[in-house]
Amino acid sequence: MNDHPTAPDTDNGALLSVRGVDVGYRTGRRTRVTAVHDVSFDLHPGQSMALVGESGCGKTTLGLGLLRLLPRTGVVPKGEILFRRKDGTRVDVRTLEKEKLRRFRWNEAAMVFQGAMNAFNPVLKIEEHFLDTFRAHERAGRRRPRKEIIERSAELLEMVRLDPVRVLGSFPHELSGGMRQRSLIALALALEPQLLILDEPTTALDILTQRSIVERLAELREELRFSMVFITHDLGLAAELADRVGTMYAGRLIETGTTRDIFYRSRHPYTSALINSVPPVVGDLHVPESLPGGPPSLNALPPGCSFAPRCAHALDSCTATRPVLEVLKHRDAGLSHTAACFRSTDAALHAEGVSR
Ligand SMILES: Nc1ncnc2c1ncn2[C@@H]1O[C@H](COP(=O)(O)OP(=O)(O)OP(=O)(O)O)[C@@H](O)[C@H]1O
Ligand SMILES: [Mg+2]
């Protein structure tokens, strides 16, 4: 396990090893805001990890940074993004040059963007989007004929439970939101990537459509064995889809653990507050607790722990020194529990329970 900023990089079989990554945006000629700080985690083959946290905490920035899909002002100034390619070799995505990066994306790792339902070009039928994707990411000299691409696209659409004839011949606006989102997932899986990053893929959909897409995603992951980073506000979805959960706050990963560790034994008061802000579906009804205040501005992070100003359990030391991720429980295959909180091992606090 290596969810630790200072962990040495030993090859532990992970598909993706993120080490001390910062991601920022240039805001002027010489100014930059750092939106993601010093993030490290491992994702093993077939594993799925949910990234949770309030709006603005850096989830999308991290996802985009990992695949170097940031807007022009985006930079990844620090860290390593080590990815095991299909041939077994490891590359650092951060330093891949342009052509290799183009082949890496979609072939090895793909992303479904936040708000992507409107990402289709409105004047192109869905089949043109599939043709473009296959052609843009295949190696020169290995061009597949159109008929073969359309057949493969039809298989992919069937995989996400869509009628391929209807969908391939439609313009994006002729499809429902759910159908567009399924089409995007099919498109992302077109070149059989080993990693799929999904950024709030179902947020804009009604609950039943959301359900069926999430269920199909879980099945597809079993069938195709890809790894997944699932970015969401919805803790219920995280619990359902993820083997591991990472909580982000003010651009940092502040707790990582198995889904059980995070939901039943969270050790960071922010994670606990997120969990407690959701009404329970079973058990005693309680009024969800809201978390006072909001995350700090990236330009004015408080000294010490960024969460301390909102934390009911903060000590003097929390406002003076920033806690780093500590390993609480070590398990093999990247399933350990880490938290960046001075009180993460405080028996009194956790006996009383900061989360339900
Ligand atoms: N293009 C940009 N230029 C400058 N700052 C940006 C840019 N995009 C995002 N940011 C800033 O980076 C921080 C993290 O934003 P990000 O979109 O990654 O958060 P998020 O966790 O995905 O939020 P949400 O849950 O709302 O999608 C925010 O403070 C945001 O204002
Ligand atoms: Mg986002």
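Keep in mind it's a predicted model, so treat the numbers as computed, not measured. (Residues numbered from 1 in each chain as written. Chains lettered and ligands numbered in written order. Predicted model: local features only at pLDDT ≥ 70, side-chain atom pairs only at ≥ 80, totals over all residues. Heavy atoms only, no water.)

Novice: Lay out the overall build of the chain in plain terms, naming residues and giving numbers.
Specialist: Along the chain, the regular secondary structure elements total 12 helices and 12 strands. Relative to the globule expectation of 21 Å for 356 residues, the C-alpha radius of gyration of the chain, 21 Å, shows essentially globular dimensions. Seen along its three principal axes, the alpha-carbon backbone of the chain occupies a region of about 65 × 45 × 40 Å. Counting over 356 residues, the chain shows a buried share of 54%. Summarising the internal contacts of the chain: among those between residues at least 6 apart in sequence, 64% fall at separations of at least 24. Carbon and sulfur atoms make up 53% of the accessible area of the chain, which totals about 16,300 Å². Side-chain charges in the chain split into 47 positive and 43 negative, and the spacing between the mean points of these groups amounts to 6 Å. (Helix = DSSP H or I, 4+ residues; strand = E, 2+ residues; numbered from the N terminus. Rg over C-alpha atoms; globule rule 2.2 N^0.38 Å. Buried < 20%, exposed > 50% of the residue type's maximum accessible area, 1.4 Å probe, protein only. Contact = heavy atoms within 4.5 Å. Areas by Shrake-Rupley, 256 points an atom, 1.4 Å probe, with all protein chains shown as cover. Lys, Arg positive; Asp, Glu negative; His and termini not counted. Charge placed at Lys NZ, Arg CZ, Asp CG, Glu CD.)

Novice: Give a detailed account of the site of ligand 1, specifying residues and quantitative values.
Specialist: Taken together, 14 residues form the shell around ligand 1, and within it S55, G56, K59, T60 and T61 come nearest. Taking S55, its side chain carries an N or O atom lying 2.4 Å from an oxygen atom of ligand 1. With respect to ligand 1, the side chain of Q114 contributes an N or O atom lying 2.9 Å from an oxygen atom. Notes on ligand 1: free accessible area 630 Å², of which the protein chains cover 67%. A per-class count over the shell around ligand 1 returns 5 nonpolar, 7 polar and 2 charged. (Near = heavy atom within 4 Å. Polar contact = N/O pair within 3.5 Å; in protein donor to acceptor, adjacent residues only side chain to side chain. Nonpolar A, V, L, I, M, F, W, Y, C, P; charged D, E, K, R; others polar.)

Novice: Lay out the coordination of the magnesium ion (ligand 2) with the relevant residues and their values.
Specialist: Within the protein, the atoms that donate to the magnesium ion (ligand 2) are T60 (OG1) and Q114 (OE1), at distances of 1.9 to 2.3 Å. Within this pair, whereas T60 is found in helix α1 (residues 59-66), its partner Q114 is found in the loop between β6 (109-112) and α3 (126-137), the two being separated by 54 residues in sequence. (Donors = N, O, S within 2.8 Å, 3.2 Å for Na, K, Ca; no water.)

Novice: So what's going on with the packing of α3 against helix α6 (residues 177-188)? Residues and values would help.
Specialist: Two quantities define a packed helix pair, namely the angle between the helix axes and the distance between the axes. With their axes 10 Å apart at the nearest point, α3 and α6 run at an angle of 20° to one another. As summarised for this structure, α3 and α6 are arranged roughly parallel, according to the angle between their axes. Every pair of crossing elements has a handedness; the one defined by α3 and α6 is right-handed. Residues H129, F130 and T133 of α3 form the contact with α6, whose participating residues are S183, A186 and L187. Grouping the amino acids of the contact of α3 with α6 by side-chain chemistry returns 3 nonpolar, 3 polar and no charged. (Axes fitted to C-alpha atoms, helices over the stretch in contact; angles between N-to-C directions. Parallel < 35°, antiparallel > 145°, perpendicular 65-115°, else oblique. Left-handed = near helix turned anticlockwise from the far one by under 90°.)

Novice: Report on unusual backbone geometry, specifying residues and quantitative values.
Specialist: Residues other than glycine seldom take positive phi values, yet W106 does so here, at roughly 75°. Structurally, the position occupied by W106 is in helix α2 (residues 98-107).

Novice: So what's going on with helix α4 (residues 146-159)? Residues and values would help.
Specialist: Spanning 14 residues, α4 covers 20 Å between terminal C-alpha atoms, matching the ideal 20 Å at 1.5 Å per step. Looking at α4, one finds that the buried residues are I149, I150, R152, S153, A154, L156, L157 and M159. Each element contacted by the buried residues of α4 is listed here: α3, α5 (164-168), α6 and α7 (207-224). R161 occupies a position one or two residues after α4 and carries a positive phi of about 65°. (Expected span 1.5 Å × (residues − 1).)

Novice: With reference to specific residues and values, describe the pattern of salt bridges.
Specialist: Per the stated rule, a full pass over the model turns up 21 salt bridges. For E99, the salt bridge goes to R102, with nearest N and O atoms at 2.7 Å. Pair noted here: E99 and R102 are both in helix α2, with a separation of 3 residues, about one helical turn. Note on E99: relative accessible area 35%, which makes it partly exposed. Where K147 meets E151, a salt bridge forms, and the shortest distance between an N and an O atom there is 3.1 Å. With K147 and E151 both in helix α4 and 4 residues apart, the pair spans about one turn of that helix. For K147, a relative accessible area of 62% puts it in the exposed group. The exposure class assigned to E151 is partly exposed, which follows from its relative accessible area of 43%. Overlapping salt bridges bring together R161, R216, E219 and E223 as one network. (Salt bridge = Lys/Arg side-chain N within 4 Å of Asp/Glu carboxyl O.)

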